[in-house]
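# Analysis of the macromolecular model
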Amino acid sequence: MHTASEKSFYEIKEINQNGITFTNGEKIVFQSCIKQGCNGKTCIAERDLFAQPPYFLFFTAERPTKILFNKKGIFSKSENRKHFRELQRMIIEFGYSSYDLG
């Protein structure tokens, strides 16, 4: 497997039912991330809330894309966990799933 492309959650411009758009214009298209084997027809990523920093690893075509929840400073741990759970909730609401590594 290729080394993942790393992005910060805080570089995200938009999240919708089609995928994620970053501030630099790069995109993750959920439908193209579906990986057979981890959860059949809906699994688009792996996730680990307990990693340092927490992350989602999306199964993007050329190489995986890792979204890091890496805000620093006071209250950063609770902010990162809140945003992690928000992304997880959105993925589920859009009809997709992610595999929990934690």
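Coordinates for the structure precede this section.
One structure accompanies this document, and this report is about it. (Residues numbered from 1 in each chain as written. Predicted model: local features only at pLDDT ≥ 70, side-chain atom pairs only at ≥ 80, totals over all residues. Heavy atoms only, no water.)

Below, the discussion takes up the overall build of the protein chain. A tally of helices and strands in the protein chain yields one helix and eight strands. Listing each helix as α and each strand as β along the protein chain from the N terminus yields β-β-β-β-β-β-β-α-β. On C-alpha atoms alone, the protein chain measures out to a radius of gyration of 13 Å, which is about the 13 Å that the 2.2 N^0.38 rule sets for 102 residues. Seen along its three principal axes, the alpha-carbon backbone of the protein chain occupies a region of about 40 × 30 × 30 Å. Across the 102 residues of the protein chain, 42% fall into the buried class. Taking as baseline every contact in the protein chain between residues at least 6 positions apart, the subset at least 24 positions apart corresponds to 54%. (Helix = DSSP H or I, 4+ residues; strand = E, 2+ residues; numbered from the N terminus. Rg over C-alpha atoms; globule rule 2.2 N^0.38 Å. Buried < 20%, exposed > 50% of the residue type's maximum accessible area, 1.4 Å probe, protein only. Contact = heavy atoms within 4.5 Å.)

The subject of this paragraph is unusual backbone geometry. Pro53 follows Gln52 through a cis peptide bond whose omega is -5 degrees. One non-glycine residue, Phe75, adopts positive backbone phi at about 65 degrees. Note that Phe75 resides in the loop between strand S7 (65–68) and helix H1 (76–93).

A word on the environment of Lys7. On the secondary structure map, Lys7 appears in strand S1 (residues 5–8). For Lys7 and Thr21, which are 14 residues apart along the polypeptide, the C-alpha to C-alpha distance reads 11 Å. Residues within four places of Lys7 in sequence aside, it is in contact with Phe22, Asn24, Glu26, Thr65, Lys66, Ile67 and Leu68.

Read from one edge to the other, the open sheet built from three strands follows the order S2-S3-S4, with strand pairing classed as antiparallel. Two strands bound the open sheet, and with one partner strand each, they are strand S2 (12–16) and strand S4 (27–29). Adjacent strand axes in the sheet meet at a mean angle of 10 degrees when their direction is disregarded. Pairing of strand S3 (residues 19–22) with S4 involves three bridges; the strand directions are antiparallel. Looking at the pairing, Gly19 lines up with Val29 of S4. (Pairing = 2+ DSSP bridges. Axes fitted to C-alpha atoms, helices over the stretch in contact; angles between N-to-C directions.)

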